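Notes for the structure review
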Amino acid sequence: MAITVQNFIKLANFYNQVAKTMSAICVTKGGIPLENYVGRFFAADVLEFVAEYGERLLSSDKNIEKDVADVIARFKAQFEHVRSLTTPSQKPIYEMTLEEFERTMNI
């Protein structure tokens, strides 16, 4: 898959749909806070992917329109707020000790 602005827009739209769906789920489950919803880890992983794709798009094409670059910057900033929620990339959960798992999940 080529790194293109159109693909970035598709990924960004997918993340926005995930965020809307998560909000709707939290409301229908009695108004639970988003920080307590288990799907927040998936959303953080998707956001990480979108932000990284945007970074690669910026580095591969220097003629990106300003509005697209601004959106990429917003996704990057949003990802920085939830960076601690992403699943670990070094060690699978099933290989972690209980202490490592609790630290990873902020328990």
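Report on the accompanying structure. Computed from a predicted structure; not experimentally measured. Starting from 1, residues in each chain are numbered consecutively following that chain's sequence as written. Restriction of local features to residues with pLDDT of at least 70 applies here, the model being predicted, together with a cutoff of 80 or more for giving and counting side-chain atom pairs; totals for whole chains, interfaces and linings are based on all residues. Values shown for side chains rest on all heavy atoms present in the structure; no hydrogens or waters enter the calculation.

Looking at the packing of aromatic side chains
How two aromatic rings sit relative to each other is given by the distance of their centres and the angle of their planes. The rule is short: rings of Phe, Tyr and Trp, with Trp giving its six-membered ring, pair when the centres are within 6.5 Å, and they are stacked under 30 degrees, edge-to-face over 60, tilted in between. One pass over the structure, following the stated rule, counts 2 aromatic pairs. Where Tyr-15 meets Phe-75, the ring centres are 6.0 Å apart and the plane angle is 80 degrees; that geometry is what we call edge-to-face. Of the two residues, Tyr-15 sits in helix α1 (residues 5-28) while Phe-75 sits in helix α3 (residues 66-82), which places them 60 residues apart along the sequence. Between buried and exposed lies partly exposed: a residue is buried under 20% and exposed over 50% of the maximum accessible area for its type, with that area taken using a 1.4 Å probe on protein chains only. Taking the relative accessible area as the measure of exposure, Phe-75 reaches 6% and is therefore buried. Put simply, the rings of Phe-8, Tyr-15 and Phe-75 touch in pairs and so form one group of aromatic residues. Secondary structure elements follow DSSP: runs of H or I of four or more residues count as helices, runs of E of two or more count as strands, with numbering from the N terminus.

Quick notes on the environment of Tyr-15
Since its relative accessible area comes to 8%, Tyr-15 is described here as buried. Sequence separation between Tyr-15 and Ala-44 is 29 residues, and the spatial gap between their C-alpha atoms is 9.5 Å. Between two residues, a contact is recorded if the distance between any of their heavy atoms is within 4.5 Å. Not counting residues up to four positions away in its chain, the partners in contact with Tyr-15 are Ala-43, Val-46, Leu-47, Val-50, Phe-75 and Gln-78.

Describing the environment of Glu-100
The topology assignment puts Glu-100 in helix α4 (residues 98-104). Residue Glu-100 is classed as partly exposed on the basis of its relative accessible area, which comes to 22%. Along the chain, Glu-100 and Leu-58 lie 42 residues apart, while their C-alpha atoms are 35 Å from each other.

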